[in-house]
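Take a look at the letters that make up each chain.
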Amino acid sequence: MTKPISLTRYLIEEQHAGRINADLRLLIEVVARACKTISHAVGKGALGGVLGDAGTPGAASINVQGEAQKKLDVIANDVLMEANAWGGHLAGLASEEMDHSQPIPDAARRGNYLLLFDPLDGSSNIDVNVSVGTIFSVLRCPDGVTSPGDEHYLQPGTAQVCAGYTVYGPSTMLVLTVGNGTHAFTLDREIGSFVMTTRGMRIPEDTKEFAINASNQRHWEAPVQAWVADMLAGKDGPRGKDFNMRWVASMVADVHRILTRGGVFSYPLDAKCRDKGGKLRLMYEANPMAFLVEQAGGAASTGRQRMLEVQPTALHQRVPVFLGSRNEVATAIDYHRRHDGAGG
């Protein structure tokens, strides 16, 4: 049996192969260490006094997305901010929890990368002990920019040099890509290190499993209504097979299931979020997950465009999301194409 390799060894091997440089390797290690700290806080739960809403009793703190912040949202954001502000590998960083990006302080050594992160995805599940996670994405800082502003982050997903997430579940797992496949590392709590447990994750091209928030069904666009209705019709319907539905309401947990055994995840455009462009954030959620999924042989789309080719126009831009098993994503796209072609 081959001895598992550590995250550090994997990153050094990628550096020696010329796929990443020393600064990106060290940046990923800083993020991984921060995620271990967050894992510890999540794991303590009620024992650590970290459950519930942030802010004063009866007056929850509200983030830039207009959502009530949990205590662990704030803790996770602070951990990632503090860990990366002085690492020397970043020019700036941006969080889903903050209005604007933050350049690295003048007193600190600066690097050439931009880090974006959702510090605690699925935080509405924290108080009920369901898996949550951290999502992150790394871009290059444009040449000649020493104090990046929000506009310098507005790069399409194809420009990402690294993306990953950590899922805090029964075990803590880091899933990572640097553009050479998607790989899973499990935190060995006894030695305090992430150890590779799956090299080259692959998403099956076909699936009988889908994840969607069915409570929004009445608000969906016509092509999504038709797509889901045909899946629910099962083997006697036009799809000719039975489907199962799964929905955790934590994107990290839902996508991790898909990377592990296949499926398709969708948060489509609907009447409730149409004026915002969608529900999920392009820069903090959709792009990094799309990069990971594509590197595992899957596909990711808005329903009308490849996700990684969307040109961002705002730091907190939202988009519809369809990602997972390649052939099922293609089917969802086809429902949109036929509907749009019919003038619907």
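Our subject is the structure listed above.
The rules behind the values
- Residues numbered from 1 in each chain as written.
- Predicted model: local features only at pLDDT ≥ 70, side-chain atom pairs only at ≥ 80, totals over all residues.
- Heavy atoms only, no water.
- Phe/Tyr/Trp six-rings, centres within 6.5 Å; stacked < 30°, edge-to-face > 60°.
- Helix = DSSP H or I, 4+ residues; strand = E, 2+ residues; numbered from the N terminus.
- Buried < 20%, exposed > 50% of the residue type's maximum accessible area, 1.4 Å probe, protein only.
- Pairing = 2+ DSSP bridges.
- Contact = heavy atoms within 4.5 Å.
- Axes fitted to C-alpha atoms, helices over the stretch in contact; angles between N-to-C directions.
- Salt bridge = Lys/Arg side-chain N within 4 Å of Asp/Glu carboxyl O.
- Core = buried A, V, L, I, M, F, W, Y, C linked by side-chain atoms within 4.5 Å.

1. Thoughts on the packing of aromatic side chains
One pass over the structure, following the stated rule, counts five aromatic pairs. Ring centres 6.4 Å apart and planes at 70° place the aromatic pair Phe210 and Phe243 in the edge-to-face group. Of this pair, Phe210 sits in strand β11 (residues 209-211) while Phe243 sits in the loop between α4 (222-232) and β12 (244-245), placing them 33 residues apart in sequence. With a relative accessible area of 2%, Phe210 lands in the buried category. With centroids separated by 5.7 Å and ring planes inclined at 10°, the aromatic side chains of Trp247 and Phe265 adopt a geometry described as stacked.

2. A closer look at the pairing of strand β17 (residues 321-324)
Neither face of β17 is left uncovered, since the one carrying Val321 and Leu323 and the one carrying Phe322 and Gly324 both have all their residues buried. The sheet contact formed by strand β13 (residues 264-267) and β17 spans four bridges and is antiparallel. Looking at β17, one finds that Tyr267 is bridged to Val321. Relative to β17, strand β15 (residues 299-301) is paired through three bridges, and the arrangement is antiparallel. By the bridge assignment, Ala299 is partnered in β17 with Gly324.

3. Brief notes about the pairing of strand β5 (residues 113-121)
The element β5 is largely enclosed, with a buried count of nine among its nine residues. Here strand β3 (residues 90-95) runs beside β5; their pairing, made up of five bridges, is parallel. Looking at β5, one finds that Ala94 is bridged to Leu116. By the bridge criterion, seven bridges tie β5 to strand β6 (residues 132-140) in an arrangement that is antiparallel. Counted as the bridge partner of Phe117 is Phe136 from β6.

4. Quick notes on unusual backbone geometry
Within the chain, Asn129 stands out as a residue other than glycine whose phi angle is a positive 65°. Within the element layout of this structure, Asn129 appears in the loop between β5 and β6. Phi at Ala249 is positive, roughly 70°, even though this residue is not glycine. Here Ala249 lies in the loop between β12 and α5 (251-261). A residue is classified by how much of its surface remains accessible, and Ala249, at 37% relative accessible area, is partly exposed.

5. Some points on the sheet that holds β15
Reading across the sheet, the five strands line up as β12-β11-β13-β17-β15 and stay open at both edges, with mixed pairing between neighbours. Of all the strands in the sheet, the pair left with one neighbour each is β12 and β15. Sitting on the sheet, α5 touches β11, β13 and β17, and the angle it makes with β17 is about 35°. Docked against the sheet, helix α6 (residues 282-295) engages β15 and β17, running at close to 25° with respect to β17.

6. Brief notes about the pattern of salt bridges
Opposite charge on two side chains lets them pair, provided their charged atoms get close. Scanning all chains against the criterion turns up 16 salt bridges. For Glu209, the salt bridge goes to Arg261, with nearest N and O atoms at 3.0 Å. Here Glu209, found in strand β11, pairs with Arg261, found in helix α5; they are 52 residues apart in sequence, far enough to count as distant. Glu209 sits in the buried class, given a relative accessible area of 12%. The closest approach of N and O atoms between Glu309 and Arg306, which form a salt bridge, is 3.2 Å. One salt-bridge network, in which partners are shared between bridges, spans Glu209, Asp254, Arg257 and Arg261.

7. A short note on the environment of Glu209
On a C-alpha basis, the gap between Glu209 and Pro119 in space is 28 Å, while along the polypeptide they are 90 residues apart. Residues within four places of Glu209 in sequence aside, it is in contact with Phe243, Asn244, Arg246, Arg257, Arg261, Gly262, Gly263 and Val264.

8. Describing the sheet that holds β6
Reading across from one edge, β4-β3-β5-β6-β7-β8-β9-β10 is the order of the eight strands in this open sheet, with mixed pairing throughout. Of all the strands in the sheet, the pair left with one neighbour each is β4 (102-103) and β10 (193-198). Here β6 runs beside strand β7 (residues 162-168); their pairing, made up of seven bridges, is antiparallel. Along β7, the bridge assignment pairs Val132 with Tyr168.

9. Describing the nonpolar core
Counting 43 residues, the largest nonpolar core has Tyr165, Phe265, Met289, Val321 and Leu323 as the members making the most contacts within it. A total of nine residues in this core trace back to one element, the largest contributor, which is α6. Ignoring any residue separated from it by four or fewer positions in sequence, one finds Val321 in contact with Met251, Phe265, Ser266, Tyr267, Pro268, Leu280, Ala286, Ser301 and Met307. Leu11, Met81, Phe117 and Val132 belong to the second largest nonpolar core, which has 41 residues in total.

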